[in-house]
Amino acid sequence: NGVVRLPTNGGTVQYFYNGSWLQLYQTLDPAAGAVVCRSLGYSAYSGVSYEYHSGFNYAYFSFSCTGNESSLNECGVSYNGYYSTYAQTLTCTP
């Protein structure tokens, strides 16, 4: 649990949880976004947006990060179930 991946330097954040890769739904604030980007080897967090996707389910987690952690595993995390339609797209600076 807790591993993240991101296509190229931006896209829908995927979080490994209980044996599956889940796409995140509106769960990353700027502090958590900075942690994700840094943990993937990018220099900085650039921003976040939301994309509408009909028919997909996305996992909703609450992350409590200060922004100084080296991975999401160091942040507090709680799983809040599945929601549909909006995926969170994160952009990192190479």
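Each remark here, short or long, concerns the structure printed above.
Residues numbered from 1 in each chain as written. Predicted model: local features only at pLDDT ≥ 70, side-chain atom pairs only at ≥ 80, totals over all residues. Heavy atoms only, no water.

### A word on the nonpolar core
Nonpolar side chains tend toward joint burial in soluble globular proteins. Definition in use: Only buried residues count toward a nonpolar core. Its members are Ala, Val, Leu, Ile, Met, Phe, Trp, Tyr and Cys residues joined through side-chain atoms within 4.5 Å. We call a residue buried when its accessible area falls under 20% of the maximum for its residue type, exposed when it is over 50%, and partly exposed in between, using a 1.4 Å probe and counting protein chains only. Put simply, DSSP marks the helices as runs of H or I at least four residues long and the strands as runs of E at least two long, and each gets a number from the N terminus on. We call two residues in contact whenever any of their non-hydrogen atoms come within 4.5 Å of each other.
Counting residues in each nonpolar core, the largest one holds 21 residues, and the members touching the most others are Leu-28, Phe-63, Cys-65, Leu-72 and Leu-90. If you list the elements that add at least two residues to this core, you get α1 (30-39), β5 (44-64) and β6 (76-93). It is α1 that contributes the most residues to this core, five residues altogether. Once residues within four sequence positions are removed from consideration, Phe-63 is found in contact with Tyr-15, Leu-24, Thr-27, Leu-28, Ala-32, Leu-72, Gly-76 and Val-77.

### Examining α1
Helical geometry: 3.6 residues make up each α-helical turn, so side chains three or four residues apart lie on a common side. Within α1, seven of the ten residues are buried, leaving the element largely enclosed by the surrounding structure. Buried within α1 are the following residues: Ala-31, Ala-32, Gly-33, Ala-34, Val-35, Val-36 and Cys-37. Directly after α1, the chain includes Gly-41, whose backbone phi takes a positive value near 90°.

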